[in-house]
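The chain contents come next:
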Amino acid sequence: YKMGELVKKLARREGITLSELAVRVGKTISALSMNLKSDIKLKDFKKYAEALGYKIIVEKDGERIEV
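Residues numbered from 1 in each chain as written. Predicted model: local features only at pLDDT ≥ 70, side-chain atom pairs only at ≥ 80, totals over all residues. Heavy atoms only, no water.

**Describing the pattern of salt bridges**
Then, number 1: Summed over the entire model, instances satisfying the criterion amount to five salt bridges.
Then, number 2: Of the charged contacts, one joins lysine 46 and glutamate 50 as a salt bridge, the two residues approaching to 3.8 Å between their closest N and O atoms. Taken together, the positions of lysine 46 and glutamate 50, both in helix 4 (residues 42–51) and four residues apart, correspond to about one turn of that helix.
Then, number 3: Overall, lysine 46 belongs to the partly exposed group, its relative accessible area being 28%.
Then, number 4: Taking the shortest distance from any N to any O, the salt bridge between arginine 64 and glutamate 59 comes out at 3.9 Å.
Then, number 5: With relative accessibility at 56%, the residue arginine 64 sits in the exposed group. (Salt bridge = Lys/Arg side-chain N within 4 Å of Asp/Glu carboxyl O. Helix = DSSP H or I, 4+ residues; strand = E, 2+ residues; numbered from the N terminus. Buried < 20%, exposed > 50% of the residue type's maximum accessible area, 1.4 Å probe, protein only.)

Okay, structure coming up:
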């Protein structure tokens, strides 16, 4: 997945429109849409994921680290 596509998929899964997500993260819908089309930085992806109720976890050999 490209990160922007993953954000869109998570939003659909949660039944949240991109307009609602934009409000949750304090962006305009056009700014959010432009950001999702570009290469998203981890800090932005984390902000979007958290606004949708998700955590980012890195896992190896049973050790889990929350980003």
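**Quick word on unusual backbone geometry**
Then, number 1: The phi dihedral of aspartate 61 is positive, around 50 degrees, even though this residue is not glycine.
Then, number 2: With respect to the helices, strands and loops of the structure, aspartate 61 is situated in the loop between strand 1 (57–60) and strand 2 (63–66).
Then, number 3: With a relative accessible area of 76%, aspartate 61 lands in the exposed category.

**Re the packing of helix 2 (residues 18–25) against helix 3 (residues 29–37)**
Then, number 1: At a minimum axis distance of 9 Å, the contact between helix 2 and helix 3 shows a crossing angle of 100 degrees. Relative to helix 3, the element helix 2 lies roughly perpendicular. Of helix 3, the residues touching helix 2 (which contributes Leu18, Ser19, Leu21 and Ala22) are Ile29, Leu32 and Leu36.
Then, number 2: For the contact of helix 2 with helix 3, the residue count by class is six nonpolar, one polar and no charged. (Axes fitted to C-alpha atoms, helices over the stretch in contact; angles between N-to-C directions. Parallel < 35°, antiparallel > 145°, perpendicular 65-115°, else oblique. Contact = heavy atoms within 4.5 Å. Nonpolar A, V, L, I, M, F, W, Y, C, P; charged D, E, K, R; others polar.)

**A closer look at helix 3**
Then, number 1: Listed as buried for helix 3 are Leu32, Asn35 and Leu36. Taken around the axis of helix 3, the buried residues stretch over an arc of 95 degrees, which confines them to a single face. Exposed and facing more than 90 degrees away from the buried side of helix 3 are Met34 and Lys37.
Then, number 2: Next to the buried residues of helix 3 lie helix 1 (3–14), helix 2 and helix 4. (Arc of directions from axis to C-beta.)

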